[in-house]
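Architecture and fold: a report
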Amino acid sequence: MKTTNRDNQDFESLDMDTESFRKIGHDVIDMIAEYFETIRERKVVPQSNSREVENVFKEDLPQTGQSPESILKEWSDKVIPNASHLGSPRYFAFVNGSGTMMSVFAAALAVAVNMNSGGWKAGPAAAEIERRTISWIAELIGYPSDCGGLFLGGGAVANFTALLTALKNTADYNITEEGLQSEHRKGKHTLYMSDHEGHVSILRSVDVINLGRSSIRRVPSNDDFTMNTNELVRMIDEDLASDNIPFCVVAQVGSINVGVADDLETIAKICSERNIWFHADGACGAVGAMLPELDHLYKGLDRADSVTLDPHKWLYIPYECGCLLVKDPGKLKKTFSITASYLQGTLPTDYKGLDYFDYGPQMSRGFNAAKVWMSLKHYGKEGYQKLLRQNILCAKHLHELVIRSEDFTAMHDPELFIYSFRFIPKELTQKTDEPKVKAALDRMNQRITDEIVSSGFAFIMTTKIRGEVVIRLSICSHRTTLKDIEQVFEKLRQIGDLVYAQERDIIFS
Ligand SMILES: Cc1ncc(COP(=O)(O)O)c(C=O)c1O
């Protein structure tokens, strides 16, 4: 659009005219619909190597503009062939949500209106929707729905936000003014998480706060990979008797390798008796609390001072969307509240609600809540319960296939959607302690996963369980079916046979 001012200077927004926008928009929707129509048939990861991907996008800074049509063509020609398809039903790597269709609309509409969710005045509807959606999520998992909370970039940021809140609300000196270096600090702040399943993002969190990684005490685990709470008590008491200041226990709620939940009720009791912050890292699994049949796993979650829960994992929201719930909103505000004359404004308002810049580390923020709000409205609680149950059924079915097979061994009995198991050919089952066999098993498990990824059929990764390489699937795509699981297991079995045929001579030589 062009306007001319009194000096005959042309001013242009460079916006396209709305007729063109409408036409191109229809084309974009066709592209997206075609993408969803073909997602099941696509190779899950691209076949190009990193140098090839780099070369595809090598180009000089554009000096003059190009047409939207040609940019969209580049999307089809360059981006899609070099994308990993998290929305595929056979994408089982990391813990990556598959992306709801309603979120595609939500994201487009939200960026069109472009509210800044950092402050109420810059986005009244966005703030209200975020507040409403946070209370829905709390209600969904049986957490007090008058809690505070906000959407964040992901589980790592949510964990960092929780730990800083824990630290600031448990320190007995003015930590905001004096910082960690305060001369009033009586000892070393320490926190606790399980040695096997505690997530690496807690290390990142203490790095960001600069507490030092030695502030984390790794609590020994039970045989089922949950935290040993007797050991937890022993360690806390040991620290209380010395110069340390126990300030937080981080419990896992759906852990990264095997999807277990720690004993939340016992941890809640231990923390409340000692005035220690109880943080539940439910990035992967907290939303499972919406299933009444899993009540036994989530008892005590409502007593956590804070809960990390990632909509971009098991609520299938596309990236990015993490979330933190904090029981007492005042504690978030105490941690993050900040004032400046340019943030306050002067217009009288009856608004007494949230300015999210007062409740978290970001000031300006996108409107992530829109994706969750619309997806929750689209599926409803019942829809989500159905999808979660499907994923759990897939994990349990895979477990059945594993225990029925002679060449694979279960590492645990899955309760949620994460499942780890190991290729151990039948004739090696009695030899797994032999160093040569141990090394070969690690190599074979890695090769099996590498080969299925290279084939493009599925994206699966390994992890280590008690030091041994195992195959791990995170089944959190709302598109995965039992048939997908059967096909993937059959492929793993076939690759396993081939890999073992090659390794056998080395093992028995
Ligand atoms: C238990 C747990 N906490 C935190 C995170 C970090 O989440 P994000 O990758 O969204 O930052 C993860 C990621 O998988 C996780 O499994």
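Residues numbered from 1 in each chain as written. Predicted model: local features only at pLDDT ≥ 70, side-chain atom pairs only at ≥ 80, totals over all residues. Heavy atoms only, no water.

**Here we look at the site of the ligand**
Defined as follows: Near residues are defined by distance, with any heavy atom within 4 Å of the molecule or strand qualifying the residue. Pairs of N or O atoms are called polar contacts if they sit within 3.5 Å, as long as, within protein, a hydrogen donor faces a hydrogen acceptor (for residues adjacent in sequence, only side-chain-to-side-chain pairs). In short, Shrake-Rupley with a 1.4 Å probe defines the accessible areas, and a residue's cover is counted only from the protein chains shown. Each helix corresponds to a stretch of at least 4 residues labelled H or I by DSSP, and each strand to a stretch of at least 2 residues labelled E; elements are numbered beginning at the N terminus.
Around the ligand sit 14 residues in total, of which Gly155, Ala156, Asp281, His312 and Lys313 are the nearest. Between a nitrogen atom of the ligand and a side-chain N or O atom of Asp281, the distance comes to 2.8 Å. About the coverage of the ligand: the protein hides 82% of its 390 Å² of free accessible area. When residues in the shell around the ligand are grouped by element, the largest group, 3 residues, is from helix H6 (residues 155-170).

**Quick notes on the sheet that holds strand E5 (residues 216-219)**
The strands making up a sheet associate through hydrogen bonds between their backbones, and the pairing can be parallel or antiparallel. Test applied: At least two DSSP bridges between two strands are required for those strands to pair. For helices, the fitted axis covers only the stretch in contact; all axes are lines through C-alpha atoms, and the angles between them, taken along N-to-C directions, range from 0 to 180 degrees. Contact definition: two residues touch when any of their heavy atoms are within 4.5 Å.
Here we have 7 strands laid out as an open sheet, ordered E3-E9-E8-E7-E6-E4-E5, and mixed in their pairing. In this open sheet, the two strands that pair with only one neighbour each are strand E3 (148-152) and E5. Averaged over all neighbouring strand pairs, the angle between strand axes comes to 20 degrees, with direction disregarded. Pairing of strand E6 (residues 244-252) with strand E7 (residues 277-281) involves 5 bridges; the strand directions are parallel. Among the inter-strand pairings, Val250 is bridged to a residue of E7, identified as His279. Relative to the sheet, helix H5 (residues 124-140) contacts E3 and strand E9 (322-326), its axis offset from that of E3 by approximately 105 degrees.

**Quick word on the sheet that holds strand E10 (residues 408-410)**
In space, the 4 strands of this open sheet follow the order E10-E11-E13-E12, with antiparallel pairing throughout. Each edge of the open sheet is held by one strand with a lone partner, namely E10 and strand E12 (461-465). Here the average twist between neighbouring strands, direction ignored, is 45 degrees. Summarising the sheet, E12 and strand E13 (residues 468-474) pair through 5 bridges and their orientation is antiparallel. Looking at E13, one finds that Ile465 is bridged to Glu468. Here helix H16 (residues 435-455) sits on the sheet and contacts strand E11 (418-423), E12 and E13; the angle it forms with E11, its principal contact strand, is near 125 degrees. Packing of helix H17 (residues 482-508) onto the sheet brings it into contact with E10 and E11, and relative to E11 it is tilted by some 25 degrees.

From the geometry alone we can't say anything about function, so treat these as descriptive.
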